[in-house]
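Close look at the chain arrangement
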Amino acid sequence: VAKHVGWFILVILCCVFLVPILWLTALPIGDVHSYHQKHDAVDMDIALRMLRACTNSTERAAAMTRFRVLFKRVVVLIAQGCPCVRNLVIRWDPG
């Protein structure tokens, strides 16, 4: 074990110094395109969102509306990809 102490110290020093240097060089400092990205996203825990969706009727209605829109988009994509399902989709939802 004592003959590998040098390698151990080298690996520790690489982890201590190399990883933060790589992290700093990956930051978008001076990138003007990153300043125009979306910054208005709400960071909320999934469990809290689920609790609010279950307890608040307006949140529940908004979630159901988003789900219906997403479901209809998926059904349309499936109908476009598989023409044999098209008539069934039109019969189910003519809109």
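Residues numbered from 1 in each chain as written. Predicted model: local features only at pLDDT ≥ 70, side-chain atom pairs only at ≥ 80, totals over all residues. Heavy atoms only, no water.

A few words on the state of the cysteines. By definition, a disulfide links the sulfur atoms of two cysteines through a covalent bond. Applying the stated criterion to the full structure yields zero disulfides. For Cys-14, which is in no disulfide, the shortest distance to another cysteine sulfur is to Cys-15 and amounts to 7.0 Å. Since its relative accessible area comes to 36%, Cys-14 is described here as partly exposed. Taking the relative accessible area as the measure of exposure, Cys-15 reaches 48% and is therefore partly exposed. (Disulfide = S-S within 2.5 Å. Buried < 20%, exposed > 50% of the residue type's maximum accessible area, 1.4 Å probe, protein only.)

This brings us to the packing of helix α2 (residues 46-55) against helix α3 (residues 57-81). Where α2 contacts α3, the axes come no closer than 5 Å and their chain directions differ by 105°. It follows from the interaxial angle that α2 and α3 lie roughly perpendicular. Note on element contacts: α3 touches α2 through Ser-57, Glu-59, Arg-60 and Arg-66, opposite Arg-49, Arg-52, Ala-53, Cys-54 and Thr-55. Across the contact of α2 with α3, the residue classes tally to two nonpolar, two polar and five charged. (Axes fitted to C-alpha atoms, helices over the stretch in contact; angles between N-to-C directions. Helix = DSSP H or I, 4+ residues; strand = E, 2+ residues; numbered from the N terminus. Parallel < 35°, antiparallel > 145°, perpendicular 65-115°, else oblique. Contact = heavy atoms within 4.5 Å. Nonpolar A, V, L, I, M, F, W, Y, C, P; charged D, E, K, R; others polar.)

A contiguous nonpolar surface patch, about 750 Å² in accessible area, is contributed by Val-5, Phe-8, Ile-9, Ile-12, Leu-13, Val-16, Phe-17 and Ile-21. If you trace the backbone, Ile-9 turns up in helix α1 (residues 5-26). (Patch = residues over 30% accessible without salt bridge, like charges linked within 9 Å, V, L, I, M, F, W, Y side chains within 5 Å. Areas by Shrake-Rupley, 256 points an atom, 1.4 Å probe, with all protein chains shown as cover. Salt bridge = Lys/Arg side-chain N within 4 Å of Asp/Glu carboxyl O.)

Mean pLDDT over the chain works out to 84, with 92% of the residues at or above the 70 mark. When pLDDT is averaged over each element of the chain, α1 comes out on top at 90 and helix α4 (residues 86-92) at the bottom at 81. (pLDDT = per-residue confidence, 0-100.)

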